[in-house]
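# Per-entry structural report
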Amino acid sequence: MGLPQRVLGSTGVKVTILGLGGEGVLRTFGYDQEAQAMIAAALEAGITYFETARAYSGSEVYLGKGLQGHRDKIFLTSKSHGRTREEAEEHLALTLRNLQTDHLDLWQIHDVRTKRDLEALTAAGGGLEAFRWAKEEGYARFIGVTGHHDPDILRQALDLYDFDTVLLPVNPAEPRSRSFLPLAREALDRGLGVIGMKVLARGLVTQIDLAPVRDYVHYSLSQPVSLVVIGCDTPEHVQELAAAAGDFQQPLPQEDQQRLEEAVIPFARGLMYYKP
């Protein structure tokens, strides 16, 4: 039995509720054997959503090699942090070459943090022009935006363009400070595909040892998301996460969600390392 799937917002595309993120061992150089073993484990587990970014070291190259022969069965995504059209287009050309494909299923504006980012993206010759062009020309089927610093900035970003998806943090520490969770609900209600990240807070939740990894995965999948993406280091890590996602059948009861939120309160600031 494969992993559960959900529709990615108004794209109409079904993807597995667990996606492989481009960090972990993929955000390295020189670890090809380890990266290929991990990618193979993700494919074996039935994961169909694979995400990377131009900023993630050798991640695109690893995935380009490991996903050969599977392109028509997966949903392939990357990101560009380019804030000008020229830079973003250069990123796209390199991304496509690294991933050994002629198009992305989803190309995302990476890590929108400030009003200055918003202004740069929408200026004449700004990065948004490249994303619009890429979709019109078929180099990207869908366009998304990502952010993990400030939910208000990301909310403003969603009004810049008719985005197909948004990638944002989803974990039980979020309700403690400037939470992205309300924005996840807003975006899902608007028809966007909502992709959750920072589910395990870069693995920090395993260090505080308050609950099993399964609980954090189930908590995140109980929020208004289409799927969650998590970076992995080993095949065993992939298998653990796939087992957790495969075991998810319905949202956690509200009292169980609240219990986990309260348990992480003493550690919440550290778990939200991604916010200023």
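Everything that follows concerns the structure shown earlier in this document.
Below or above, wherever it landed, is the structure these notes cover. (Residues numbered from 1 in each chain as written. Predicted model: local features only at pLDDT ≥ 70, side-chain atom pairs only at ≥ 80, totals over all residues. Heavy atoms only, no water.)

Using the criterion set out here, one finds 20 salt bridges in the structure. A salt bridge links R71 to D105; the shortest N-O distance between them is 3.0 Å. Highlighted residues: R71 in the loop between α2 (59-66) and β5 (75-80) and D105 in strand β6 (residues 104-109), separated in sequence by 34 residues. Judged by relative accessible area, D105 falls into the buried class, the value being 3%. The closest approach of N and O atoms between D159 and R190, which form a salt bridge, is 3.7 Å. Linking D159 in the loop between α6 (151-157) and β8 (165-169) with R190 in the loop between α7 (181-189) and β9 (193-197), this pair joins segments that are 31 residues apart in sequence. With relative accessibility at 59%, the residue D159 sits in the exposed group. A single network of salt bridges, built from pairs that share partners, joins R71, D105 and R141. (Salt bridge = Lys/Arg side-chain N within 4 Å of Asp/Glu carboxyl O. Helix = DSSP H or I, 4+ residues; strand = E, 2+ residues; numbered from the N terminus. Buried < 20%, exposed > 50% of the residue type's maximum accessible area, 1.4 Å probe, protein only.)

Let's shift gears to the pairing of strand β3 (residues 18-24). In terms of residue burial, β3 counts as a mostly covered element, since 5 of its 7 residues are buried. In this sheet, strand β10 (residues 227-232) lies alongside β3 in parallel orientation, the contact comprising 4 bridges. Residue L20 lies in a different strand from β10, and its bridge partner there is I230. Alignment of β3 against strand β4 (residues 49-51), held across 2 bridges, turns out to be parallel. What sits directly across from L20, in β4, is F50. Since β3 and β4 lie parallel, the crossover through helix α1 (residues 32-44) that links them has a hand, and here it is right-handed. (Pairing = 2+ DSSP bridges. Right-handed = clockwise from strand over helix to strand, strands pointing away.)

The buried count for strand β7 (residues 140-146) comes to 6 of 7 residues, which makes it a mostly enclosed element. Relative to β7, β6 runs parallel, the two being bridged by 5 bridges. Its bridge partner lying in β7, L104 is registered against A140. Across 3 bridges, the pairing between β7 and β8 is parallel. Its bridge partner lying in β8, G144 is registered against T165.

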